[in-house]
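For reference, the chains in residue letters:
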Amino acid sequence: MKARRCRSALVALLALVFVLPPGVAAIAADKPAPKAAAGNIADRWVLWPKPGEAKAFEAGVREHAAWRKKAGEPFTWVMYQPIAGSDLTYYVIRSDNHAWKDFDAEEAWSTKAKAEEAYQQQLGMHVAREEHYYEETDTAHSHWIDSKDYKYVGVTSWRLKPGARGDLMAALDKIQKAITDAKWPYPYRLAW
């Protein structure tokens, strides 16, 4: 029963749908295709524009993204906005496929280029709230295929009860084996 619930939850990774917002899609399209995965860590920023400033926020994102590219930014970023859910006002800016050591190089570049100052001048005045997360992909329980064809990505979040991780991991092992044995072709990613 636990395995069935976990499998259903894993398949439900397509519950919330994100798509690049109009006018911001060009930012991601302007970037070269990502290189082969160097690591399994993602850097994720979640930004909420100030009320009534979404257009100015998006213009600031375009300006700041162009500045970062010109200044030699070592990370490639993509941007998403939710199209389903109870809060449709935030944007997710994300860079994938890093090893922990890559963040030292990013921080060194950021300090040298004065990226925080540029951010505040170009975009910060339009941001009401921001959150920052690191996300580690569980490569043993994931089958992700990078593709330019994706329009939508779904996300389901779980909060584990204390002491439940062992049962969850055992269930995920069974699910992963079943998915692998069945040669399930669809991409999925489990991350912590």
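Presented here is an overview of the structure given in this document. It should be emphasised that the depicted structure is a prediction, and the values quoted were computed from it without experimental measurement. (Residues numbered from 1 in each chain as written. Predicted model: local features only at pLDDT ≥ 70, side-chain atom pairs only at ≥ 80, totals over all residues. Heavy atoms only, no water.)

### Considering the pattern of salt bridges
For clarity, the threshold we go by: The working definition used for a salt bridge is a side-chain nitrogen of Lys or Arg within 4 Å of a carboxyl oxygen of Asp or Glu. A helix here means a DSSP run of H or I that spans at least four residues, while a strand means a run of E at least two residues long, and both kinds are numbered starting from the N terminus. Buried, partly exposed and exposed residues are distinguished by accessible area as a fraction of the type maximum, computed with a 1.4 Å probe on protein chains only: under 20%, between the cut-offs, and over 50%, respectively.
Counted according to the given criterion, the structure contains eight salt bridges. Two residues, E135 and R94, come together in a salt bridge whose shortest N-O distance is 2.6 Å. Here E135 is found in strand β5 (residues 127-136), whereas its partner R94 is found in strand β4 (residues 91-98), with 41 residues between them in sequence. With respect to burial, E135 and R94 carry one shared label: buried.

### What about the nonpolar core?
The following threshold applies: Joining through side-chain atoms within 4.5 Å is the link that ties buried Ala, Val, Leu, Ile, Met, Phe, Trp, Tyr and Cys residues into a set, and such a set is a nonpolar core. The contact rule is simple, with two residues in contact once any of their heavy atoms fall within 4.5 Å.
Membership of the largest hydrophobic core comes to 13 residues, with the highest contact counts inside it found for L47, F57, M79, L123 and V127. Elements represented by at least two residues in this core include exactly β2 (41-49), α3 (54-70) and β4. Beyond its immediate stretch of four places on either side in the chain, V127 contacts L47, W48, P49, K50, F57 and Y119. Within the second largest apolar cluster, seven residues are counted, among which are M169, L172, I175 and Y188.

### As for the packing of aromatic side chains
Put simply, the test is: Two rings from Phe, Tyr or Trp (for Trp, the six-membered ring) form a pair when their centres sit within 6.5 Å of each other. Planes less than 30 degrees apart are called stacked, planes more than 60 degrees apart edge-to-face, and all others tilted.
The tally for this structure, following the rule as stated, stands at ten aromatic pairs. Ring plane angle 50 degrees and centroid distance 5.5 Å describe the contact between W48 and Y90, whose orientation is recorded as tilted. Placement of W48 in strand β2 and of Y90 in the loop between β3 (78-82) and β4 is noted, with a sequence separation of 42 residues between them. Given the relative accessible area of 15%, Y90 is considered buried. Here W184 and Y186 contribute two aromatic rings whose centre-to-centre distance is 5.4 Å and whose plane-to-plane angle is 70 degrees, an arrangement assigned as edge-to-face. Since its relative accessible area comes to 32%, W184 is described here as partly exposed. Y186 gets classed as partly exposed once you look at its relative accessible area, which sits at 49%. Ring-pair connections join several aromatic residues into one group, and the members of that group are F75, W77, W100, F103 and Y134.

### Structural notes on a nonpolar patch on the surface
Just so we agree on the cut-off: A residue counts toward a patch only above 30% relative accessible area and without a salt bridge, and it is joined to like-charged neighbours within 9 Å or, for Val, Leu, Ile, Met, Phe, Trp and Tyr, to nonpolar neighbours within 5 Å. Per-residue and other accessible areas follow the Shrake-Rupley method at a 1.4 Å probe size, with only the shown protein chains counted as cover for residues.
Together, W144, I145 and Y150 make up a nonpolar patch on the protein surface, roughly 250 Å² of accessible area in all. Position of Y150 relative to the elements: it lies in the loop between β5 and β6 (153-155). Assessed through its relative accessible area of 32%, Y150 is described here as partly exposed.

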